[in-house]
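What follows is the residue order along each chain.
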Amino acid sequence: LKPLGSMRDRLKLQSQIPQKYTKAMATSSYCLPRLFFCIFSLALSIDHECGEDHSCDDLSVSFVQSNHRAGLKMFDQSDNGLDGAQKTVEYFWPSTVGQVGSLTSSRHAGPHDLSASLAWNWTDPRGRYYGLPAGAMIDGETNIYLQTNDAVRKFSPQGQLMWEWSPKRKDAEEMPDTGFLSQGAFYVSTTAGWIYAISMAAGDVLWKTKLPSTDPNNGWVTVHEGVVLTSSDARDEYKGQHREDKLADQFVTGLNASNGKVMWNFKPDAPVWNFMGSFAGDGTFTFQDYEGKAYRCRVDDGSLIWKNGGFENSWTDGTSLLGPNKVVYAVSNRDSNGGRDAPGDVSAYRLEDGKLLWRTEVPRPPNNLPAIGKLVGLSGLSLVQPIGQQCQQGAPTDVYALDAQSGEVQWIFNGPSQKSPLQAGDRIPEAMAQRALAGVRPITLPNPWSAPTIDSNGVVFIGSEEGPFYALADKDGDGQVTTAEVSSFDTHACFSGSAAAAIAPGMLVTTSIDAMYVFAH
């Protein structure tokens, strides 16, 4: 979900959006990556009233008033809410990529046959394409929290809507960065820079804080050790210079999870894109910038411990991941353009001191978050890295499994190539129209794959930009995942790069850009 275009282009396109939109409606092959700036530039014009230190502390507002205290008290007893909880509440899938300490990997199994295990699905009642789902989370009672770019909804395991919350959005304000369940609260951000804590019990706002802005890319808000991690201050700037086509967050920001107060801001060497902070559980966290440089910082004050790697003047749509083996895996391209056959790199750094352990070249851009876990038929941990160049007709896509200790290739799955100038679900005129009416981006331009998830059986679940949702396993151990070893379900739509399959006992949830699917087994 990446915007393109200079400020001059945005202003020009703003005046032309009726004609551009009419043209988009006329043909399903229409592809205009800069179209989104017609909408998002309006959000950037909002007066954020923040100081030059980017703290905006005076705009942290608590909604835990006395008239809500009775409901919050009950909420605290059951879910250990914001009022000084003593024990940690665990949820099956608290972020769209799972639990802190085991991100992208589940202790539970997914369904064996996707085509035969769909229990129910959801599409926006206003029209199938209005909602633009970003991902789903699952609490300890297997309730599902669906985040779309304009709302958050809580469903029972059987699909009953329990509550719905939407921020009071201005212009093209959206929520593309997926949220996090922690201690009875759902934490989420908007592109206008608002960070919210929402009651998981009732969908009420507990507090909100205003940052300058957050970029419109598909990253993550993460929470641990009483700190909310996000990125902020979206600008098309690179190391003090204007950079065409790369609107990205300049800072990593830590907020107090109890009251929303800004604790610190950290400025990496290059901007961040699809930001996700991985907590190490020892008072530190890791992340990467869009050049693929890995960082380790302290949770309490954001101070730097080490940084390493990256390619100068490059850009990737991918994201780093900290494994349970105390290794940081970062992805990078070798320039800012990429391309269908442009090689990239996956690099492994030791958490303790940032030492490079190995680096493996992959034949296409690693424009996705990897996953780490144990795979079918293999001993030890494996790193699953999706690769491919999105938004290029005919560009192939693949999934690589690498040995997490050495970087050696273990197996390859050759996915579909992009059939049209736009990805599945983006190339439908009706979809463009409904999203525009909903006040969200009319085209999504997502990563080539969803984020991957590895279940307890060692099966990889992942969604393709061409619509199929796959269950992958190299059952015969020959190094190639073939059609006979794949289970699939066609959603006919692409997936946000931050939307991994969410797994709980007997349940798997996945979201394409126009629907949520719940599988039971």
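Each chain has its residues counted from 1, running along the sequence as written. For a predicted model such as this one, the threshold for reporting local features is a pLDDT of at least 70, and the threshold for listing and counting side-chain atom pairs is 80 or more; totals across whole chains, interfaces and linings nevertheless cover every residue. Excluding hydrogens and water, the side-chain values take into account all heavy atoms of the structure.

Caption draft 1: Representation of the overall build of the protein chain within the structure. On a plain count of helices and strands, the protein chain comes out with 4 helices and 35 strands. Summary of the burial criterion: residues with accessible area below 20% of their type's maximum are buried, those above 50% are exposed, and those between are partly exposed, where the area comes from a 1.4 Å probe applied to protein chains only. Sorting the 521 residues of the protein chain into buried and exposed places 63% on the buried side. Pairs at least 24 apart in sequence give 58% of the contacts found in the protein chain among residues at least 6 apart. Computed with the Shrake-Rupley method and a 1.4 Å probe, the accessible areas treat only the protein chains shown as cover for residues. A total of about 17,900 Å² of accessible surface is found on the protein chain, and carbon and sulfur atoms cover 48% of it. Secondary structure elements are defined from DSSP: runs of H or I of at least 4 residues count as helices, runs of E of at least 2 residues count as strands, and each element is numbered from the N terminus. Contact definition: two residues touch when any of their heavy atoms are within 4.5 Å.

Caption draft 2: Here's a closer look at the pairing of strand S34 (residues 507-511). Counted residue by residue, S34 has 5 buried out of 5 residues, so it is predominantly covered. Taken together, the 3 bridges between strand S33 (residues 502-504) and S34 define a ladder with antiparallel strand orientation. Counterpart to Ala 504 in the pairing with S34 is Met 507. Two strands qualify as a pair provided that DSSP identifies no fewer than 2 bridges between them. Here S33 folds back onto S34, and the loop between the two strands holds 2 residues, one of which, Gly 506, carries a positive phi near 75°. Pairing geometry for S34 and strand S35 (residues 516-520), over 5 bridges, is antiparallel.

Caption draft 3: Spotlight on the nonpolar core. Take the buried residues of types Ala, Val, Leu, Ile, Met, Phe, Trp, Tyr and Cys, join any two whose side-chain atoms come within 4.5 Å, and each joined set is a nonpolar core. Counting 22 residues, the largest nonpolar core has Val 97, Met 276, Tyr 329, Val 346, Trp 358, Leu 369 and Leu 383 as the members making the most contacts within it. Looking at this core, the elements that each hand over two or more residues are strand S22 (327-333), strand S23 (344-350), strand S24 (356-362), strand S26 (382-388) and strand S27 (397-403). Among the elements that take part in this core, S22 stands out by supplying 3 residues, more than any other. Ignoring any residue separated from it by four or fewer positions in sequence, one finds Tyr 329 in contact with Ser 320, Leu 321, Gly 323, Ser 347, Ala 348, Trp 358, Ile 372, Leu 383 and Ala 404. Ranked by size, the runner-up nonpolar core spans 17 residues in total, among them Tyr 145, Met 175, Trp 194 and Val 205.

Caption draft 4: The arrangement of the sheet that holds strand S25 (residues 371-373) in detail. Spatially, the 4 strands line up as an open sheet ordered S25-S26-S27-S28, and their pairing is antiparallel. Every other strand in the sheet has two partners, leaving S25 and strand S28 (409-414) as the edge strands with one partner each. Each neighbouring strand pair of the sheet contributes to a mean axis angle of 20°, computed without reference to strand direction. Examined bridge by bridge, S25 and S26 share 3 bridges and lie antiparallel to one another. Across the sheet, the residue bridging to Ile 372 is Leu 383, located in S26. Axis lines are fitted to C-alpha atoms, over the contacting stretch for helices. Their N-to-C directions set the angle, which ranges from 0 to 180 degrees.

Caption draft 5: Representation of unusual backbone geometry within the structure. If you check the backbone angles, Gln 183 has positive phi at about 50° while not being a glycine. Summarising the element assignment, Gln 183 is placed in the loop between strand S7 (180-182) and strand S8 (185-189). Under the relative-accessibility criterion, Gln 183 is labelled buried at 18%.

Caption draft 6: Structural detail: the pairing of strand S30 (residues 460-463). Where burial is concerned, the two faces of S30 agree: the one with Val 460 and Ile 462 and the one with Phe 461 and Gly 463 are both buried. Pairing geometry for strand S29 (residues 453-454) and S30, over 2 bridges, is antiparallel. Residue pairing in the sheet places Ile 454 in a bridge with Val 460 of S30. What sits between the antiparallel neighbours S29 and S30 is a turn of 5 residues, in which Gly 458 has the positive phi angle 85°. Examined bridge by bridge, S30 and strand S31 (residues 468-472) share 4 bridges and lie antiparallel to one another. Each residue of the ladder has a partner; that of Phe 461, found in S31, is Ala 471.

Caption draft 7: The packing of aromatic side chains, seen in detail. Stacked, edge-to-face and tilted are the three classes for Phe, Tyr and Trp ring pairs, Trp counted by its six-membered ring, which pair at centre distances within 6.5 Å; planes under 30 degrees apart are stacked, over 60 edge-to-face, the rest tilted. Under the definition given, this model contains 26 aromatic pairs. Their ring planes at 25° and their centres at 6.2 Å tell us that Phe 461 and Phe 469 sit as a pair that is stacked. Exposure class is identical for Phe 461 and Phe 469. Each is buried. Working rule: Lys NZ or Arg CZ, within 6 Å of ring centre, within 35 degrees of ring normal, means a charge sits over the ring. A cation sits over an aromatic face here: Lys 267 above Phe 251, 5.1 Å from the ring centre.

Caption draft 8: Seen up close, the sheet that holds S31. With antiparallel pairing, the 4 strands of this open sheet are ordered in space as S29-S30-S31-S32. Looking at the sheet topology across the chains shown, the edges are occupied by S29 and strand S32 (486-490). Across 5 bridges, the pairing between S31 and S32 is antiparallel. Its bridge partner being in S32, Phe 469 is matched across the sheet by Phe 489.

Caption draft 9: Spotlight on empty space enclosed by the protein. With a 1 Å grid laid over protein atoms only, a set of points is called a cavity when a 1.4 Å probe fits there but cannot get out and a pocket when it is open yet has protein on both sides within 12 Å along at least five of seven lines; lining residues have an atom within 4 Å of a point. Grid points are joined across faces, edges and corners, and a volume is the space filled by probe spheres set on the points. Summed over all chains, the structure comprises 3 cavities of 30 Å³ or more. Here the largest cavity defines a volume of roughly 60 Å³. What lines the largest cavity is Phe 92, Trp 93, Gln 99, Ser 102, Ser 105, Ser 106, Arg 107 and His 108.

Caption draft 10: Representation of the environment of Cys 494. Mapped onto the elements, Cys 494 comes out in the loop between S32 and S33. Between the C-alpha atom of Cys 494 and that of Ala 424, which follows or precedes it by 70 residues, the distance is 5.2 Å. Residues in contact with Cys 494, not counting those within four places in the same chain, are Gln 423, Ala 424, Thr 444, Pro 446, Ser 464, Glu 465, Ser 512 and Ile 513.

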